[in-house]
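# Observations on chain architecture
One-letter residues, chain by chain:
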Amino acid sequence: MASKYGGYMGKVLKIDLTSRQVSEYPFSDEDRELYIGGKTMAAKILGDHMTGKEKAFSEDNLLVVTTGPMTGSGAPSSSRFNISTLSPQTGYITSSNCGGHFGYYLKKAGLDALILTGRCDKPTWIEIQNEKVIFHDAGDIWGMKTGETQKALDDKLRMKNGRVRKNGKICIGPAGENLVLYSCIVSNERVSGRGGTGAVMGWMRLKAVCASGNKEVPVHDKEKMVKHTRKWFRYLREHPLTGNQLPRLGTAGLVSAMQMKHILSTKNYTYGQFDEFEKVSGEELAEKYNIVNKGCLTCPIRCARTVEVNGQQVKGPELETLVLLGGGILNDNLESILKWNYELDELGMDTISCANTISYAMEANEKGLWDNGLKFSETAELSQIFEDIAFRRGIGDELALGSKRLSEKYGGKEFAIHAKGMELAAYEPRRAAGLGLGYATSNRGGCHLNGGYLVILEGLGLSMNQTTYHGKADLTMLFQDLMEMISAAGQCLFTSYAFFPAPLMKHPNAWYTRLINKVLPYSGAVVRIINKYPEIACFHLPVFHHTKGFEYTTGMKMTFGNYIRCGERGYNLEREINRRFGVNANKDALPKRLTQSLQDPDDPDSRVPLEKMKKVYYHARGWNRDGLPTERTLRKLKILQDTRRSE
Amino acid sequence: MVRVKIFGTARLKAGVGTFERDVKNVDELLDVIPNLTRKEAKDLVLLVNGKPAGRRYRFRDGDEVVLLAPAGGG
């Protein structure tokens, strides 16, 4: 449905892969005002279809690919798109925000979103050119790895003059085809990594989608937006995190800071420090292997690395991969991690879940629960193991199920490090209690970003008391909602770091930074007021350029308070859908290793005080004791009439 | 003699990851970090033997000092 707002192309297509029927899906301006775009728009669409009886691998599931109004607007780091579906890994809604070019080209093709459902009768790839959908046989590219697939697709998109038509693409590798539960969808070198979206696409027998076109993204007030964007770029370039640390060291630059704060997951989250961390650090990567930095379209941060492996220039590892395939399995060989990172992307597997599944298996073997031959620090065979997982051969067939299912079969639930079935990221939460709460309550499972990323206050960017539970619940809610909305708008979450005024990051020893660090645990009451009544924040924050940018792009009135409220709506909507699939307070859990075993035997606070924080968090969110949004909360957020009508 | 380790972007600027210096206190250390001005050094987080230390900390022989900048990323 055409939109009066800027930033939207005004069209959502629903493609039934079984019947090959293509139809326009109604998404009105009223929907846009409430659900914006990205993961929240996807949640609205999923919520309208899902009753709680659907299965991930069934024709009832939907794979919803969405952009946000900021995607392709020219705003900083705004080439993002989102993929949401019912996850085969968790059984709940998953969403995965991805960079690269696809989101931009989907909009160039005239679409805000794609809804894929049903199942192709044979391997297929889809071409979308200026709203036109063409189905192609994918028999010749089925079985190919992701790099080879994308190259082959470019050849197919070659025009008469020999040039490749400019396009964005998403595709799966062998892992997705073979339904590895944590397989991902790859777009150029970027990855929609978490929750097993690749397996859903594989089950649909859909190898790839290519989008191209020549439409322009409309911007409501172009003149003001151009001026604002210049200012925004400058701000991000001058900020210590987005202008210095991330461009120069990438996310890998966090390894040393995590080591110092005891939050570097080591030996399957047994410890928070790795003795050999320097050998697998961001500094080592930058000094010895980094060739050039890369960024997504219109991104001033340019956090991606290009490294050389076996004479080939490939994407370098992100922090998560570096830590979980480094200290996580007691491996100090950086070159091996570079190689595995490339191999896992080529196979189309989430490096986080895969690494954690391997480390679970190593510990299960060490403890005599499962004789699988995998041992900590013995990594010579890992490349072969990854191939075996992707092609479901031998032990790989079992490892493809992830740590939760393996622990149910072999035991060791206390050290199967997942939340809701999805493995945790690289931050050890026993020294970052707020992040522990975030992992447990995240709608998509053990995710640091969907969980609110409070660790940035708990030792990385700022130095708030790491283990206290005071203030953590309210701050977690605020950051979860903030990141939800940034994602919905179609921007990179890294732009949110500019939310922290530059002086705090530049001068960690200044009196005002130290004061804020001390005060943060006591800020809960103030933060709760903002969370409860965000409308009082009826202004633009000078450090937070997103609201003005959103207003200039779309023409919708947007204040900081509105922004938070939209994020809150998205978060609650996903939770409400998950309720239909059985989520409740018991499912907001972490393995006992993190909540009952002390990281440091001499420090009684070095574990996640999860239950204490959950109680405050549910109250702050307006959820009942069972962790479910109350009717009052759903009405306040204008969700109720939408989500319960399908019951 | 204290052993100093620098991490993060400060290490790239310093051009050296580890060095040893004979300094009595933090204040003296700030003046002897390669390629970093005193002002830049003052803005680094300082840990001595793994624990946060203030500007008035007096070193003991064999102390291990870590200097790093605040960081963020996913």
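Calculation criteria
- Residues numbered from 1 in each chain as written.
- Chains lettered and ligands numbered in written order.
- Predicted model: local features only at pLDDT ≥ 70, side-chain atom pairs only at ≥ 80, totals over all residues.
- Helix = DSSP H or I, 4+ residues; strand = E, 2+ residues; numbered from the N terminus.
- Rg over C-alpha atoms; globule rule 2.2 N^0.38 Å.
- Contact = placed C-beta atoms within 7 Å.
- Core = buried A, V, L, I, M, F, W, Y, C linked by C-beta atoms within 7 Å.
- Buried ≥ 20, exposed ≤ 12 C-beta atoms within 10 Å, placed from the backbone.
- Nonpolar A, V, L, I, M, F, W, Y, C, P; charged D, E, K, R; others polar.
- Domains from an automatic or database assignment.
- Pairing = 2+ DSSP bridges.
- Axes fitted to C-alpha atoms, helices over the stretch in contact; angles between N-to-C directions.
- Parallel < 35°, antiparallel > 145°, perpendicular 65-115°, else oblique.
- Left-handed = near helix turned anticlockwise from the far one by under 90°.

### Things to note about the overall build of chain B
When you go through chain B residue by residue, the secondary structure sums to 3 helices and 5 strands. Each helix and strand of chain B, placed in order from N terminus to C terminus, yields the pattern β-α-β-α-α-β-β-β. A globule of 74 residues ought to have a C-alpha radius of gyration of about 11 Å, and chain B, at 11 Å, matches this closely. Referenced to the eigenvectors of the C-alpha coordinate spread, the extents of chain B come out at roughly 35 × 25 × 20 Å. Pairs at least 24 apart in sequence give 44% of the contacts found in chain B among residues at least 6 apart.

### Looking at the nonpolar core
Ranked by size, the top nonpolar core spans 210 residues in total, and within it Val255(A), Met349(A), Ile389(A) and Leu68(B) carry the most contacts. With 11 residues, helix H18 (residues 472–489) of chain A is the largest single contributor of residues to this core. When neighbours within four sequence positions are excluded, Met349(A) is seen to be in contact with Ala175(A), Val180(A), Tyr182(A), Ser183(A), Cys184(A), Leu344(A), Cys354(A), Ile389(A) and Ala390(A).

### A few points about the interface of chain A and chain B
Each partner contributes to the interface: chain A provides 31 residues, whereas chain B provides 18 residues. Breaking the side of chain A that touches chain B down by element, the ones donating at least two residues are helix H8 (240–249), helix H9 (255–260), helix H10 (282–288) and helix H19 (502–506) of chain A. Of the residues contributing to the side of chain A that touches chain B, the split by class is 19 nonpolar, 9 polar and 3 charged.

### Some words on the domain arrangement of chain A
Residue and element names in this part refer to chain A. Per the domain assignment, the segments making up chain A are domain 1 (12–212), domain 2 (250–419) and domain 3 (432–643). The straight-line distance from the C-alpha centre of domain 2 to that of domain 3 is 27 Å. Counting residues at the interface gives 17 residues for domain 2 and 19 residues for domain 3. When grouped by side-chain class, the residues that make up the side of domain 2 that touches domain 3 number 11 nonpolar, 3 polar and 3 charged.

### Remarks on the pairing of strand E8 (residues 132–137) of chain A
All names here are of chain A. Sheet topology places strand E7 (residues 124–129) next to E8; 6 bridges connect them, and they run antiparallel. Bridged to Glu-127 within E8 is Ile-134. Hairpin connection from E7 to E8: 2 residues lie between these consecutive antiparallel strands, with Asn-130 at a positive phi of about 45 degrees.

### Re the sheet that holds strand E15 (residues 312–315) of chain A
Paired through backbone hydrogen bonds, the strands of a sheet run either parallel or antiparallel to each other. Residues and elements named next belong to chain A. Taken in spatial order, the 3 strands of this open sheet run E13-E14-E15, and their pairing is antiparallel. On the outer flanks of this sheet lie strand E13 (290–294) and E15, each paired with one strand and no other. Direction aside, the axes of adjacent strands within the sheet are offset by 30 degrees on average. Where strand E14 (residues 304–309) meets E15, 4 bridges bridge the pair, whose relative direction is antiparallel. Residue pairing for E15: Glu-308 is matched across the bridge by Gln-313.

### Some thoughts on the sheet that holds strand E5 (residues 64–68) of chain B
Residues and elements named next belong to chain B. Strand order across the open sheet formed by 5 strands is E2-E1-E5-E3-E4, with mixed pairing between neighbours. The sheet terminates laterally at strand E2 (18–21) and strand E4 (51–52), the two strands that pair on one side only. Here strand E1 (residues 2–6) pairs with E2 via 4 bridges, running antiparallel. Directly across from Val-4, in E2, lies its bridge partner Phe-19.

### So, the packing of helix H2 (residues 38–49) of chain A against H18(A)
All names here are of chain A. The geometry of H2 relative to H18 is characterised by a closest axis approach of 5 Å and an angle of 85 degrees between their N-to-C directions. In terms of axis orientation, H2 runs roughly perpendicular to H18. Of the residues in H18, those touching H2 at Gly-38, Lys-39, Thr-40 and Met-41 are Glu-484, Ser-487, Ala-488 and Ala-489. Here the contact of H2 with H18 is composed, by residue class, of 3 nonpolar, 3 polar and 2 charged.

### Regarding the packing of H2(A) against helix H23 (residues 560–580) of chain A
Residues and elements named next belong to chain A. Between H2 and H23, the shortest axis-to-axis distance is 9 Å and the interhelical angle comes to 30 degrees. As for how H2 packs across H23, the hand of that crossing is left-handed. Of the residues in H23, those touching H2 at Lys-39, Thr-40, Ala-43, Lys-44, Leu-46 and Gly-47 are Arg-569, Gly-570, Leu-573, Glu-574 and Ile-577. Of the residues that constitute the contact of H2 with H23, the class distribution is 4 nonpolar, 3 polar and 4 charged.

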